[in-house]
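Read off the chains here:
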Amino acid sequence: MGYSKFFNPEETLDRAGIEALQTERLRATVAHCMGSEFYRKRFREAGISAGDIRTLDDLQKIPFTTKQDLRDTYPFGIASIPLSECARLHSSSGTTGNPTVILHSKKDLEQWANAVARCLWMVGCRPDDVFQNSSGYGMFTGGLGFQYGAELLGMLTVPAGAGNTLRQIKFITDFGTTVLHAIPSYASRLYEVMCEKGIDPRRDTKLRILAIGAEPHSEDTRKRIEEMLGVKAYNSFGMSEMCGPGVAFECPEQNGMHIWEDYYIVEIIDPETLKPVPEGEVGELVLTTINREAMPLLRYRTRDLTRILPGECPCGRHHKRIDRIRGRSDDMIILKGVNIFPIQVEQVLMQYNELASDYLITLDTEEGNDSMTIEVELANSFIDDYSALQRLERNIVRMLRDEILVTPKVKFVPKGSLPQSEGKAVRVRDLRKKY
Ligand code: COA
Ligand code: AMP
Ligand code: ZN
């Protein structure tokens, strides 16, 4: 069947078309945001009104929105429409501090599915493909986000969810999976287990396209994964605050990720001065949603470090391209596709009198699976009872798992035995295998 190369007409807008649409949508979004108690107050405090935002340059007048704002207004304080008109929420991990909540209306969910379908279509997914998703479902946006996008595109979907690698591989071989969504470290784990089981992904599977994202990875990693699995791997960028996956995605040229500018206005700022960086330089990505109803975010500081790639892409899309994510301007860790702040670990540990205040988080790779080990010093009152120590360990692991959604190992060490560093304590050591 002769399919069109593009999923949506907006994909091929030229720069003038994109900017005209952005201007119109920015004005409408700002007016709509006045339905939010949070933004009404923000604008009042900044001495601006919705009518002051008329051009794309006027965006600079609006204060940034931060993750802390989301936490401070937990759970529903930024909503721009009544809760009765919302259809779903996604929430981050965390029980000790306030997690973040992102609300979606029915229309938001449709637009989100459209963006994901557009990304998948762009890299050659078609209705006769079989799409398997190894993301966690539920609150992880990589689950439902890819699910609805793939369904909208019309593929047969296999909502496998995270984990259970043997079953995952059985699905791939038995159902003839052609398109897989996996984070890079898990794609490598899949390959290792396939090898152990004598399965050659090139010979024994129909895999041809891989969407990889959710954690930073290098061009070398991509190439190695492509070689191992016999696929083309496309970098997929998204975040829950912007809905989830579908924010930016590589096209078949594999030269940076097109960020959908009919959905987002992109800025790159210096995280220290908060001023725009010169064109093409690395800084922090700031995004304004211009196609959201329940909870638009204006100038949201993503904390992700990247740059806008100069020049035009030969694929015919004029939406700007962002480079691979280089890291973060905060201390967030991404482990197994799960976002973790060291303070979350600290807050759990602090609840135990048996523990002293020093701890060290080590991230490593064991048998292809990433791991977290937390060494923590016991308080002076040494517990002489082995079974009491075991109970304590189990307890802490359980509390940590509830807090950070991955299962760490906890090791007790004597007080004063963790390496002391000058100045700020080193809390995280990353020894993960870079594939
Ligand atoms: N995606 C899919 N499966 C993963 C994974 C990932 N990112 N990370 C680990 N796994 C697999 C492991 O390989 C293991 O399966 P196996 O032993 O059959 O190979 C299984 O999940 C459990 O992993 P383990 O490390 O023992 O458990 P955990 O309690 O520390 O982690 C997970 C639990 C994996 C369920 C949790 O980390 C998770 O849900 N991760 C996925 C997050 C996600 O989808 N992010 C994408 C957002 S776009
Ligand atoms: P979440 O809100 O759980 O979807 O996590 C979003 C975060 O994951 C982003 O802010 C990035 O830090 C990270 N992330 C998502 N996609 C990528 C990617 N393709 N490359 C690097 N990091 C990514
Ligand atoms: Zn392109």
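Look up a bit, the structure's there.
Basis of the calculations
Residues numbered from 1 in each chain as written. Chains lettered and ligands numbered in written order. Predicted model: local features only at pLDDT ≥ 70, side-chain atom pairs only at ≥ 80, totals over all residues. Heavy atoms only, no water. Helix = DSSP H or I, 4+ residues; strand = E, 2+ residues; numbered from the N terminus. Buried < 20%, exposed > 50% of the residue type's maximum accessible area, 1.4 Å probe, protein only. Patch = residues over 30% accessible without salt bridge, like charges linked within 9 Å, V, L, I, M, F, W, Y side chains within 5 Å. Areas by Shrake-Rupley, 256 points an atom, 1.4 Å probe, with all protein chains shown as cover. Salt bridge = Lys/Arg side-chain N within 4 Å of Asp/Glu carboxyl O. Lys, Arg positive; Asp, Glu negative; His and termini not counted. Charge placed at Lys NZ, Arg CZ, Asp CG, Glu CD. Pairing = 2+ DSSP bridges. Axes fitted to C-alpha atoms, helices over the stretch in contact; angles between N-to-C directions. Contact = heavy atoms within 4.5 Å.

Observations regarding unusual backbone geometry
Part 1 of the argument: In this chain, Tyr-74 is followed by Pro-75 through a cis amide linkage whose omega measures -5°.
Part 2 of the argument: The residue Gln-254 is not glycine, and still its phi comes out positive at about 50°.
Part 3 of the argument: Relative to the elements of secondary structure, Gln-254 occurs in the loop between strand 8 (248-250) and strand 9 (257-259).
Part 4 of the argument: You will see that Arg-299, though not glycine, has its phi angle at about 50°, which is positive.
Part 5 of the argument: Using a relative accessible area of 3% as the deciding quantity, one classes Arg-299 as buried.

Observations concerning a positive patch on the surface
Part 1 of the argument: A cluster of basic side chains, namely Arg-391, Arg-394, Arg-398 and Arg-401, defines a positive patch on the protein surface.
Part 2 of the argument: Structurally, Arg-394 is set in helix 11 (residues 386-404).
Part 3 of the argument: With relative accessibility at 47%, the residue Arg-394 sits in the partly exposed group.

Re the sheet that holds strand 20 (residues 428-430)
Part 1 of the argument: What the four strands build is an open sheet, ordered 19-18-17-20; its pairing is mixed. On the outer flanks of this sheet lie strand 19 (409-413) and strand 20, each paired with one strand and no other. Averaged over all neighbouring strand pairs, the angle between strand axes comes to 20°, with direction disregarded.
Part 2 of the argument: Alignment of strand 17 (residues 355-366) against strand 20, held across three bridges, turns out to be parallel. Bridge pairing links Leu-363 to Asp-430 in strand 20.
Part 3 of the argument: Running at roughly 135° to strand 19, helix 11 makes contact with strand 17, strand 18 (369-378) and strand 19 of the sheet.

Points about the pairing of strand 18
Part 1 of the argument: In terms of burial, strand 18 is largely enclosed, as eight of its ten residues are buried.
Part 2 of the argument: Of the strand pairs in this sheet, strand 17 and strand 18 are connected by nine bridges, and their pairing is antiparallel. Note that in strand 18 the partner of Leu-363 across the bridge is Met-372.
Part 3 of the argument: Joining the antiparallel neighbours strand 17 and strand 18 is a turn of two residues, in which Glu-367 adopts a positive phi near 50°.
Part 4 of the argument: Across five bridges, strand 18 lies against strand 19 in parallel orientation. Its bridge partner lying in strand 19, Glu-375 is registered against Lys-411.

Overview of the sheet that holds strand 8
Part 1 of the argument: Spatial ordering of the open sheet is given by 4-3-5-6-7-8-9-13, a layout of eight strands whose pairing is mixed. Both edges of this open sheet fall to strand 4 (156-158) and strand 13 (321-322), since each of them pairs with a single strand only.
Part 2 of the argument: Direction of pairing for strand 5 (residues 179-182) relative to strand 6 (residues 209-213): parallel, over a ladder of four bridges. If you follow Ala-182 over to strand 6, its bridge partner there is Ile-212.

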